[in-house]
Each structure stands twice: as structure tokens, then as C-alpha cells.
Amino acid sequence: MQTAPIPENEPNRLSALREYGILDTPCEEVYERITRLLCSFYAAPIATVTFVDQDRQWFKSARGLDDCQTSRDISFCGHVVASGEPLVVEDAAADERFCDNPLVLDGPKVRFYAGVPLTTPDGYHIGVLTVQDLQPRTLDEKAVNALRDFAAVVVDELELRLQQQRRELELKRFIGGPTVVFAWEQRLGEWPVRYVSPNVEKVLGYRPEQLLGRPFVELVHSEDLARLIREDQKAQEDLAAAGSSFEYTPYRVRRADGSYRWVHETSVFEFDGQGRAVRGLGYINDVTARVELEAQNKADRSQLLYYQSQLQQLLHTDPLTELPNRLLLHDRLAQALERRKRDQAALAILVLDLRDFRAINDSLGQAFGDQVLISLGKRLRAVLRGGDTVARLGGDEFGILLPWLSAIDDAVELVERIVGWVEEPMVVAGHEVCLVVRVGVSVYPAGEEVANLPAKLLEQADTAMHEAKREGVRYRFFSSELIERARERLKLAAELRRALGGGQLSLHYQPQVELASGEWIGVEALARWHHPQQGWISPERFIPVAERTGLIARLGEWVLDAACTQAKIWLDAGRTFGRMGVNVTAMQLLDDDWVRKVKDALERSGLPANRLELEITESLLVERVESVTAGLSELRAMGVSVAVDDFGTGYSALSYLKDLPIDKIKIDRSFICGFPDDKHTAAIARAILALGDGLGIDVVAEGIETERQARALQAMGCRRGQGFFFRVPEPASSLF
């Protein structure tokens, strides 16, 4: 376990923490609300507002934890306070700093941790705002920045709390300040002074003799006089009947120097035999500071209410389209479900995905794509019913809540109308845009009640939407069949996790050849899985599961190590095979350490860099991730070759090819399948070959299954190919 270092400014930091007087105080709703919002916003079971004391971390609010404090020695938060930077631990059990931490091994068994410092205006990191989970997970930069915003709100609340404490102390001092005593004749609207206490000089600047016989009304501010006369009349009426004293609303009196002070007056009266007030005795205190403080408090409260309204806007509104976001949609769905449970009516929740929306961003720019999303949001709001909710869930996904249906069957007609509204052409910035949508629908009531029903219905609609995309249909309703498929995927993911550690996976290899001579120019390593009960499991089944569950990175690293090791064995045995081709996933390439991992695999195996070829997906050409481009350039400088796999199936901006660090493009098998009879696929293949020739990039045709295809491709100018016609993928022992 790695204990966090102590900051150099620790004494000053502790002094700043104690100045807030927050430690060991009872729960306060404002901080409880923030941790509730965090748990909801990040869908996490644990959120804390933590303050790091000398030898402990103390939780002002801890949602999902039973303890109110733990030792500082074992805290994750100590690292955040020491560095002053956000800390994201995606899997504590796999992190050498925390894997043997008691909070990971015992107690809450934390696996994921994200924390940002609570930094005072003077720059002291006195605590941490955290989100934690019992399962490993990731957190992108946008989510970390949102956590920073939440932390800023916590610090603002601390500052307001501190100022309030200081003002309350000042108020106590002012209320107990010196009192000036006045006695006057009770002539309404004049009040001639008959006595004034000597301390009037200290409070108002007058000597007592300057005020004797003078009408007190001359000292009262003109804007307050009418109110004071009304209150004085009421005071005489009330006291004539009940006696006691009367307190006036604070008003302003003029000092000897011409300035005005706010005063608070408590008066008693002497009445004649007919019940008329004849004399009054007033006790006056200077409350200027209190009135100004109260005015400031009121202004501060107004500012706080404004900030809170802005925070609610931030939390519940999509900043681009100004539509409700996922959090607000979830909240409205929960409210609608409560109403439907009472009236036994139905509702539906829809998740919409715009097919191939990336092509719009790539061809016309992201700013144009944003305008399309804004226009679509406005269109949906205009055509939906008043009580319906349309929300942007992120990217090109929208959610729609239909909170009342007379019958579940009504959902079909509404969904078809919504599809029609979305796909009706729209004009944006002079361009006609035609969208294609895929919709997943979940309805209530349907089946038995489950815990956290709003989240479950959204999840079901999302699952149905993905099935609609897979099947190529406009919409899909969630069904028990989809539940069974989801369960099968979960089961397969668990078995794949065991297979990775249990020796069930192996590599098969397929050669790439010169079409003219049949000479091998390389082999591609392909993962295969032989299940002890189910036998061979197709890659088409287990690769998508690995991608959806995050196992693809671990699988990809295993393939890279095993392929490099096998290539070195062949090399040492004098086998001629060209380069070893290894597919590298987007998840691997986006790992900050992916270049080092490739170098480590080469070093462990002893394989020369010029014998390795990395095959990347075409989508990375579009995304133009700078770290990926830089990493590929670094590896190419060592001798590693880079190929673009399945070329032609994505949306590459072809102008990028001349600038990117690539050596080879592989024509996707879908363009070879109907070749050479299908004139359209033949034209695409011819265009890709011409593109490669013009840019000086090697081209390999994948999926060649017949001699006729091989000869036709060779006649078209293709020099290299790969497919079942030459060799099927085989284990290393059968290849040579």
C-alpha cells in the first residue's frame, strides 16, 4: 500500500481547514443534496464530501458508506490533497498503489475511485469530493470536469457558511451595543426632546444640550417619516389597551455630521386619565451594521439561489440542444410511473439513434452536425404532445417519454409517426439533410415489477434500439427474447473471462500471398476459442461480447504477446513467413501505455520490429486521435508496419491517407464476395487499388475464395491477397 505524502504547506492547510469550523459538525442538507446528485449523475453507489484532517479523513456527507471517518494513512483522498489534482483509479484492485489497501480488501471493498480537491480561495486543498464504485469503471475528461464543477459548488457553500457564521457573531455584538435614551413629549409628528442620555454624542455626534427642546422629527430621514408616524399611532393604540412596550421597524436618523445611521427603537408611553399618550421614553440602538449585514445576507441568498438555479440547469439540461438530459428524463419517467401505477394506464420510453450520423460530421463539419441535432430537437418538441418529453441522451442519441397511453398498442402508431417526423428531410444552413433513425421501445406495464424500474425501462429501450440497428429495421420493441440474448451475452462474457486465464484460447494463422507467385508475404494472427463444453465458439460471437464488456483490451494484449512469440519461433527455425499481422483494437490504441506495451511484447519475444504489422480499424482514420497517430509514427520509425483493416466499410476522409502513418490498406471481404460479377463491388475494388497505387500504399484483397476471383483481381492490378482459396486459418503446428 502506498501512503500519500504530506504536503509541504501542511500546517497552513490544517489551519485553513479549521477556520471553516466544519469538522465533527452534524449533517447539513446542502451537502447531503450534493452527494445525492453525484450518485444519480454518475450512477455510482458511493459519493462523499471528505475533509482531510491531521491523521484522519472525515466525511461531512457520505452516501453509500457507514463510517463517518477513516485513518488518513489508508485514504485515497490523501493523494488528491497532496497533489492538488484530480485522481481517477479505474480499478483499485489492479493498481499497485491501492491493491492491498484495507478499503479495497475489506470494508466497502472500493474498486473505482474518482476525486477532485476542495480548494479554498487561498489555494489550500482541505478536502476531496469523491465518487466511488464497487466495480471497476472508467471516467472520461468531460465527467471529471463536471466533478470539478460540483467541487466548486461545495467550496462556495463552505464560503457562504463561513460568512454566515461571521455575520451572526457580528450581529450579536451589535445587538448588545450602547443604548441611547430619549424622553419626549408625545406630540404626533414632532416629539420635542425633553431628555437624552450623554452617550448620544458617541452614537450620533450631538451634545445632549444640542437636542433638548428640539423636535425629534427633524432627525428622521424623510423617506422613513411617514412609516414612523403610522407605527407611532399603532403603538399608542396597542399600548393604551395592553401596556408593555413597542418595537419600531428600524429607521434612519441624521448624525451631527449629516450622515445617517439606522436605529432600532423600543418605546414605552405615559398615558393621561383619558387614555392619551402624553410622554414617551425611547431606547435607541445603532443597528446600521446589522441592517447592512441583513441586506448583504439577502443579496448573498439571492446570489446563492441564482447559482442553485444555474446548477439545476446544468444538471438537467443538455447544453447544445437545451433539451432535458438523461438525468431529467429519468426523473420524469419515475414521476410518470408513479402516476401510471395509480391510474392503471400505460406509458412508453423510446431511445432513438441516428444512423451513420458521423458521415454528416465528417463531410460538413461538427458545427454543422450540431445544428442538425438542434434542429431535430426543435422539430420533435414541436410535434410531440404537450406532456411528452424529448431529451438528448448524448452524441446522436435522443430519448422520448410518452407518459400516457390509453393502451399499449397505441405506442406502435406513435413510434411510426415519430420515425416519419425524424426522417422527413430538413434544411439546415442551405443543405437538405435526410436522417435515418433506429428506435428502441420499452413499455409499461409489461411483466413483473422490478427494482429501480425507471433505469430498467431505459436500459430495455437502449437494448431494443441496438437490436434494431443490428437487424436493420426502423424500430424494435423490447421483448423476453432480447432479455434472453442479453443473459446469454453476460454468461458468455463470464466464460470468456475464465477462458483468458484458463488456456482455452489459441491463435490460428492465415497467410497473405503474392497473387502472381503464391509466395507468402505475411500471416495474420486470429483468435480462436475452444470451449470445453460448447466446442469451437465463433469469433463473430465472442469478439462483440469482448468489446461490450471491456475484455477486448486484455484479449488484444494476449494476442499480441502470443503472436510475437510464435513469429520468433518461426524466425529461429528459418521459416519464411514475411510479417506477423496482429489486429489492434481502438480500446488498446486509446490506452496511454499502448506503445510501451507493443515495445514490451517485442522485447519479451525477441521479435525484430520489422517483422510485426499492426492492423487498425478504419474508424481511427476519421477520429484522428493525435496520441494514436503519434504512437503509430513512433512504432513505424522502429520498423513496425501499419495496415488499415476492412478498408471501405467506414467513412474515411480519403485526404487523410496521405498524411497518416500507414503502409498498407486491406480491401474488405464484402467487396470481394460478389467479385467479379457484381459491377458495383468491382468498381469499388478498382477505385481502392488506384488510390493505393497513387499514394504508394500496398493493397491486399481480403476474402478471396476462388481462383476466378484471384485471377480477376490480378488482372485489375492487385498484387496481394488473402483468403480461403490460398489457406484457411490454421494453428501454428499445421501451417508449415
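Owing to the predicted nature of the structure, the values given are computational and were not obtained by experimental measurement.

Here is what the cut-offs are and how they apply
- Residues numbered from 1 in each chain as written.
- Predicted model: local features only at pLDDT ≥ 70, side-chain atom pairs only at ≥ 80, totals over all residues.
- Heavy atoms only, no water.
- Helix = DSSP H or I, 4+ residues; strand = E, 2+ residues; numbered from the N terminus.
- Rg over C-alpha atoms; globule rule 2.2 N^0.38 Å.
- Buried < 20%, exposed > 50% of the residue type's maximum accessible area, 1.4 Å probe, protein only.
- Contact = heavy atoms within 4.5 Å.
- Areas by Shrake-Rupley, 256 points an atom, 1.4 Å probe, with all protein chains shown as cover.
- Lys, Arg positive; Asp, Glu negative; His and termini not counted.
- Charge placed at Lys NZ, Arg CZ, Asp CG, Glu CD.
- pLDDT = per-residue confidence, 0-100.
- Phe/Tyr/Trp six-rings, centres within 6.5 Å; stacked < 30°, edge-to-face > 60°.
- Lys NZ or Arg CZ within 6 Å of the ring centre and 35° of its normal.
- Pairing = 2+ DSSP bridges.
- Axes fitted to C-alpha atoms, helices over the stretch in contact; angles between N-to-C directions.
- Core = buried A, V, L, I, M, F, W, Y, C linked by side-chain atoms within 4.5 Å.
- Polar contact = N/O pair within 3.5 Å; in protein donor to acceptor, adjacent residues only side chain to side chain.

### Considering the overall build of the chain
Okay, so step 1: Summing up its helical and strand segments, the chain has 24 helices and 29 strands in all.
Okay, so step 2: Relative to the compact-globule value of 27 Å for 736 residues, the chain shows a C-alpha radius of gyration of 38 Å, a clear excess of over 25%.
Okay, so step 3: The principal-axis extents of the C-alpha atoms in the chain amount to approximately 130 × 65 × 50 Å.
Okay, so step 4: Across the 736 residues in the chain, those meeting the buried criterion constitute 47%.
Okay, so step 5: Excluding contacts between residues fewer than 6 apart, the proportion of contacts in the chain whose partners are at least 24 apart in sequence is 63%.
Okay, so step 6: Element-wise, carbon and sulfur atoms account for 49% of the exposed surface of the chain, whose accessible area totals about 35,900 Å².
Okay, so step 7: The average position of the 87 basic charges and that of the 110 acidic charges among the side chains of the chain differ by 1 Å.

### As for the confidence of the model for the chain
Okay, so step 1: Taken residue by residue, the chain gives an average pLDDT of 87. The fraction at 70 or more is 91%.
Okay, so step 2: Low confidence marks residues 171–177, where pLDDT is under 50. Its contacts with residues over four positions away, or in another chain, come to seven contacts.

### Section: the packing of aromatic side chains
Okay, so step 1: Under the definition given, this model contains 15 aromatic pairs.
Okay, so step 2: On the basis of an interplanar angle of 45° and a centroid distance of 5.1 Å, the ring pair of Trp 520 and Phe 736 is categorised as tilted. Of this pair, Trp 520 sits in strand S21 (residues 520–531) while Phe 736 is found in the segment after helix H24 (732–735), placing the two residues 216 residues apart along the sequence.
Okay, so step 3: Judged by relative accessible area, which is 17%, Trp 520 ranks as buried.
Okay, so step 4: Seen in terms of ring centroids, Trp 529 and Phe 542 are 5.7 Å apart; in terms of plane orientation they differ by 80°. Their pairing is edge-to-face. Taken together, the residues Trp 529 in strand S21 and Phe 542 in helix H16 (residues 539–549) connect sequence positions 13 residues apart. One exposure class covers both Trp 529 and Phe 542, and it is buried.
Okay, so step 5: Cluster of aromatic residues (ring-pair linked, three or more members): Tyr 509, Trp 520, Trp 570, Phe 577 and Phe 736.
Okay, so step 6: Geometry around Phe 112 places Arg 137 over its ring, the cationic atom sitting 5.2 Å from the centre.
Okay, so step 7: Directly above the ring of Phe 577 sits Arg 611, whose terminal nitrogen or CZ lies 5.4 Å from the centroid.

### Notes on the sheet that holds strand S5 (residues 112–119)
Okay, so step 1: With antiparallel pairing, six strands are arranged side by side in an open sheet as S3-S2-S1-S6-S5-S4. Every other strand in the sheet has two partners, leaving strand S3 (69–71) and strand S4 (87–89) as the edge strands with one partner each. Strand after strand, the sheet turns through a mean of 25° between neighbouring axes, direction not considered.
Okay, so step 2: Pairing of S4 with S5 involves three bridges; the strand directions are antiparallel. By the bridge assignment, Val 88 is partnered in S5 with Ala 114.
Okay, so step 3: Where helix H2 (residues 29–42) meets the sheet, it contacts strand S1 (46–52), strand S2 (56–63) and strand S6 (125–133), and its direction lies at approximately 75° from that of S2.

### Overview of the sheet that holds strand S13 (residues 346–354)
Okay, so step 1: Spatially, five strands are ordered S14-S15-S13-S18-S19 in an open sheet, and the strand pairing comes out mixed. Two strands lie at the open edges of the sheet, namely strand S14 (389–394) and strand S19 (475–477), each paired on one side alone. If you compare each strand with its neighbour and ignore which way they point, the axes differ by 20° on average.
Okay, so step 2: With five bridges joining them, S14 and strand S15 (residues 397–405) adopt antiparallel strand pairing. Bridge pairing in S15 links Gly 394 to Glu 397.
Okay, so step 3: Strands in contact with helix H10 (residues 326–343) are S13, S14, S15 and strand S18 (437–444); relative to S15, the strand with the most contacts, it is inclined by about 15°.

### Some remarks on the environment of Asp 645
Okay, so step 1: Within the secondary structure layout, Asp 645 lies in strand S25 (residues 641–647).
Okay, so step 2: A sequence separation of 17 residues divides Asp 645 from Ile 662, and the C-alpha atoms of the two residues are 11 Å apart.

### A few points about the nonpolar core
Okay, so step 1: Membership of the largest hydrophobic core comes to 68 residues, with the highest contact counts inside it found for Tyr 509, Met 580, Leu 612 and Leu 614.
Okay, so step 2: Ignoring sequence-local partners within four residues, the contact set of Leu 614 consists of Leu 560, Val 582, Val 584, Trp 594, Val 598, Leu 635, Val 640, Ser 641, Val 642 and Ala 643.
Okay, so step 3: Among the nonpolar cores identified, the runner-up in size contains 37 residues, and Val 30, Leu 38, Ile 126 and Val 154 belong to it.

### Concerning the side chain of Gln 512
Okay, so step 1: Structurally, the position occupied by Gln 512 is in strand S20 (residues 505–514).
Okay, so step 2: Under the relative-accessibility criterion, Gln 512 is labelled buried at 2%.
Okay, so step 3: A distance of 3.3 Å separates the side chain of Gln 512 from the side chain of Lys 664, its partner in a polar contact.

### Details of the environment of His 508
Okay, so step 1: As for its position among the elements, His 508 is in strand S20.
Okay, so step 2: With 285 residues separating them in the primary sequence, His 508 and Glu 223 have C-alpha atoms 94 Å apart.
Okay, so step 3: If we skip the residues at most four places from it in the chain, His 508 touches Glu 524, Ala 525, Leu 526, Arg 528, Trp 536, Pro 729, Glu 730 and Pro 731.

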